[in-house]
Amino acid sequence: MTQIFAHRGASREYPENTMLAFEAAYQQNADGIELDVQMTKDGILVVIHDETLDRTTNAAGWVKDYSYAELQHVDASYQFPQYAGQCQIPTLDQVFSWAKRKQSLFLNIELKNSVIEYPHLEKKVIHLIRQFQLENRVVLSSFNHYSLVEVHRLTDEIPTAILYREWLYEPWKYAKQLQSSGIHPHFTSLQKESIIRKAREENISVRAYTVNNLNVMEQLFRWNIPGIITDIPKKALEVKKKVSS
Ligand code: G3P
Ligand code: MG
């Protein structure tokens with residue numbers, strides 16, 4: 001059965017990467033959430049997609065140039081004014097302490113380090129996962145594949161998945177080379193069912209992003225893809241139900 005990951009939470013309806021969006025995804029029965037991790041000037045792990053604050057918040061500039069104390073005054077509801085004043089940028093610590101109580105929820109944690117190489121990002125994230133004992137329900141993904149190799153240098157108990165948009169040839173082989181147990185392709189680079197099947201034969205899980213088109217969703221469910229990452233988890237569950245009935 002395909003696992004449904006809410007991309008940045010239920011981000012079509014709520015401000016992305018906020019506790020509101022994550023809680024909504026959980027309430028909507030998503031199997032998991034996807035979230036993006038960056039780092040402040042003082043080394044605090046924060047959950048935000050862009051390297052800058054401009055698109056999603058009422059502030060501007062690089063996340064890396066703000067201290068966590070400064071970021072606490074920033075409102076992350078910029079694109080959803082109806083939620084003004086209700087959305088801070090969460091720390092990874094806050095998301096983990098919330099998720100700890102949601103026993104069945106999976107966390108797809110994207111290390112956002114392909115523009116800025118945050119020092120020791122991998123080590124800090126692994127440390128926090130261990131602190132909250134979440135090893136069994138996380139996957140670390142990144143477009144920076146060197147970072148995933150670094151994760152495996154540090155630990156062999158946390159699974160990783162390679163993110164990519166390109167039409168990689170036999171991506172399951174490449175994933176194995178990196179010790180990754182998952183591939184997270186953009187859905188447009190997943191044109192063939194055989195990729196899912198061959199990956200499965202090699203114990204590699206395919207989870208496509210960001211699947212918001214209902215026809216594409218239906219096709220991927222029919223192909224029995226292990227996971228999809230979507231902005232609309234509620235709708236995805238309806239499509240999944242329709243396909244399996
Ligand atoms: O993890 C899947 C997806 O989130 C990757 O792209 O840019 O939405 O973080 P992006
Ligand atoms: Mg992401």
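One can find the structure itself at the top, above this paragraph.
Just so it is clear, the structure is predicted and the values come from calculations on it, not from any experiment. Residue positions are given per chain, counting from 1 as you read along its sequence in written order. Lettering for chains starts from A, numbering for ligands starts from 1, and both go in the order in which the items are written. Only residues with pLDDT of 70 or above have their local features reported here, since the model is predicted, and side-chain atom pairs are shown and tallied only from 80 upward, although totals for entire chains, interfaces and linings are computed over all residues. With hydrogens and water set aside, each side-chain value is computed from the structure's full complement of heavy atoms.

1. Observations regarding the coordination of the magnesium ion (ligand 2)
No. 1: Each metal's donors comprise the N, O and S atoms found within 2.8 Å of it (within 3.2 Å for Na, K or Ca). Water is not part of the atom list, so some coordination spheres may appear incomplete. At the metal site, the magnesium ion (ligand 2) is ligated by Glu34 (OE), Asp36 (OD) and Glu110 (OE), and these contacts range over 1.9 to 2.2 Å.
No. 2: Look at where the donors of the magnesium ion (ligand 2) fall in the sequence and you get E-x1-D-x73-E.

2. Regarding empty space enclosed by the protein
No. 1: Two kinds of site are reported from a 1 Å grid over the protein atoms alone, namely cavities, where a 1.4 Å probe fits but cannot get out, and pockets, open sets with protein on both sides within 12 Å along at least five of seven lines, and residues are called lining when an atom falls within 4 Å of a point. Grid points are joined across faces, edges and corners, and a volume is the space filled by probe spheres set on the points. For the structure shown, the criterion picks out two cavities of 30 Å³ or more.
No. 2: Of the pockets and cavities examined, the largest cavity occupies roughly 60 Å³.
No. 3: Lining the largest cavity are Glu16, Asn17, Thr18, Val47, Ile48, His49, Thr56, Ala76, Ile89 and Pro90.
No. 4: Considering only residue class, the lining of the largest cavity consists of five nonpolar, four polar and one charged.
No. 5: In this structure, the second largest cavity encloses a volume near 40 Å³.
No. 6: Polar here means any residue outside two lists: the nonpolar Ala, Val, Leu, Ile, Met, Phe, Trp, Tyr, Cys and Pro, and the charged Asp, Glu, Lys and Arg; Gly therefore counts as polar. The class makeup of the residues in the lining of the second largest cavity is four nonpolar, three polar and one charged.

3. Brief notes about the site of ligand 1
No. 1: Near is defined per residue: the residue qualifies when any heavy atom it owns lies within 4 Å of the molecule or strand. Lining the immediate environment of ligand 1, one finds His7, Arg8, Glu34, Asp36, His49, Glu110, Lys112, Phe143, Leu163 and Tyr209.
No. 2: Identification of polar contacts relies on pairs of N or O atoms within 3.5 Å, with a donor-acceptor requirement for protein atoms, meaning one able to donate a hydrogen and the other able to accept it, and with residues adjacent in sequence counted only if both atoms are side-chain atoms. Within the side chain of His7, an N or O atom sits 2.7 Å from an oxygen atom of ligand 1.
No. 3: Glu34 has a polar side-chain atom sitting 2.7 Å from an oxygen atom of ligand 1.
No. 4: Here ligand 1 loses 91% of its free accessible area of 290 Å² to cover by the protein chains.
No. 5: Residue composition of the shell around ligand 1, by class: three nonpolar, two polar and five charged. Every accessible area reported is derived by Shrake-Rupley at a probe size of 1.4 Å, with residue values counting cover from the shown protein chains alone.

4. Regarding the packing of aromatic side chains
No. 1: Centres within 6.5 Å are what make two rings of Phe, Tyr or Trp a pair, Trp counting through its six-membered ring; a difference in plane orientation under 30 degrees is then read as stacked, over 60 as edge-to-face, and the rest as tilted. This model, assessed by the stated rule, comprises six aromatic pairs.
No. 2: Relative to Tyr83, the ring of Tyr14 lies with its centre 5.4 Å away and its plane at 35 degrees, an arrangement referred to as tilted. You can see Tyr14 sitting in the loop between β1 (3–7) and α1 (19–27) and its partner Tyr83 sitting in the loop between α2 (68–71) and α3 (92–99), a full 69 residues away along the chain.
No. 3: A centroid spacing of 6.0 Å and a plane angle of 85 degrees characterise the contact between Phe143 and Tyr209, whose relative ring orientation is edge-to-face. Here Tyr209 lies in the loop between β8 (205–208) and α8 (214–222) and Phe143 lies in the loop between β5 (138–142) and α5 (145–154), a separation of 66 residues in the sequence.
No. 4: In this structure Phe143 comes out as partly exposed when scored by relative accessible area, which is 31%.
No. 5: For every residue, the accessible area (1.4 Å probe, protein chains only) is compared with the maximum for its type, and the residue is labelled buried under 20%, exposed over 50%, or partly exposed between those bounds. Overall, the relative accessible area of 9% leaves Tyr209 in the buried class.
No. 6: Each residue in the set Tyr14, Phe80 and Tyr83 is aromatic and connected to the rest through ring pairs, giving one cluster. Counting from the N terminus, the helices are the DSSP runs of H or I reaching at least four residues and the strands are the DSSP runs of E reaching at least two.

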